[in-house]
Amino acid sequence: PAPVQRYLRYAGVINRPVVNNFRVVFTGEMREKGKDYFPFRSVQYNFIDNPARLFFMKGHMFGMDLPGYHHYSQGKARMDIKLFGLVPLVSKSGHVMNKTETVTFFNEMCLLAPASLTDRRIQWHAIDNEKSKAVFTNDTISISAVLYINERGQLTNFTSEDRTSMNDMTQYLFSTPVNEYKSINGINLMYSGEAVWH
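Cut-offs used in this document
Residues numbered from 1 in each chain as written. Predicted model: local features only at pLDDT ≥ 70, side-chain atom pairs only at ≥ 80, totals over all residues. Heavy atoms only, no water. Helix = DSSP H or I, 4+ residues; strand = E, 2+ residues; numbered from the N terminus. Phe/Tyr/Trp six-rings, centres within 6.5 Å; stacked < 30°, edge-to-face > 60°. Buried < 20%, exposed > 50% of the residue type's maximum accessible area, 1.4 Å probe, protein only. Lys NZ or Arg CZ within 6 Å of the ring centre and 35° of its normal.

(A) Representation of unusual backbone geometry within the structure. Despite not being glycine, M169 shows a phi value in the positive range, around 55 degrees. Within the secondary structure, M169 is located in the loop between β11 (164-165) and β12 (170-171). In this structure, N185 is a non-glycine residue whose phi angle is positive, near 55 degrees. Note that N185 resides in the loop between β14 (178-184) and β15 (187-193).

(B) Inspection of the packing of aromatic side chains at higher detail. This model, assessed by the stated rule, comprises seven aromatic pairs. Ring geometry for F106 versus F158: centroids 6.0 Å apart, planes at 55 degrees, classification tilted. Here the residue F106 occupies a position in helix α2 (residues 95-112), and F158 occupies one in strand β10 (residues 155-160), the gap between them amounting to 52 residues. Per residue, the accessibility class of F106 equals that of F158, and both read buried. With a centroid separation of 5.1 Å and 55 degrees between ring planes, the pair formed by F174 and W197 is classed as tilted. Of this pair, F174 sits in strand β13 (residues 174-175) while W197 is found in strand β16 (residues 196-197), placing the two residues 23 residues apart along the sequence. Judged by its relative accessible area of 37%, W197 is partly exposed. Cation over ring: R163 sits above F174, and NZ or CZ is 4.3 Å from the ring centre. Cation over ring: K182 sits above Y191, and NZ or CZ is 4.1 Å from the ring centre.

Following this line, the structure appears as structure tokens:
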């Protein structure tokens, strides 16, 4: 659709090499509903051809570091959080987790690797001049999302109804509004934003 074409032009990925994998380092704050924010730092590795996401996070709560690890590969996902990196606190896997991580993986394709949006596993549907719907299929799981792209060509938001909160096993609208873009290695990419459960 025209908005997605506009985004690819703005990002500067036309006539550039295809993205096979990427590494991202994040710093930020997160919280559970009704609780205080805590700082975190994460490093992740994403692979496009055979979709995989390896996400390592270290949060700081109650005066201690809590390491977390998300593993998504071959359509299957797992999340582990351990006290001191040794004592299991949270361990999640299964079909719901698989679908939720598929949304996360596609979200990161959109925000962090726009050149990957020509992938054959994406079906695009035009909505209007600022919104496009995408259906992304990996293995046996299909998820959908709506991309919001302004006149300048910036992806300003991504929403999906297919992501489940693992705390209460309920699907909520999930969005990732973008606050700032920067040129990184010659590509205009999201530099800061939010992840919001509605």
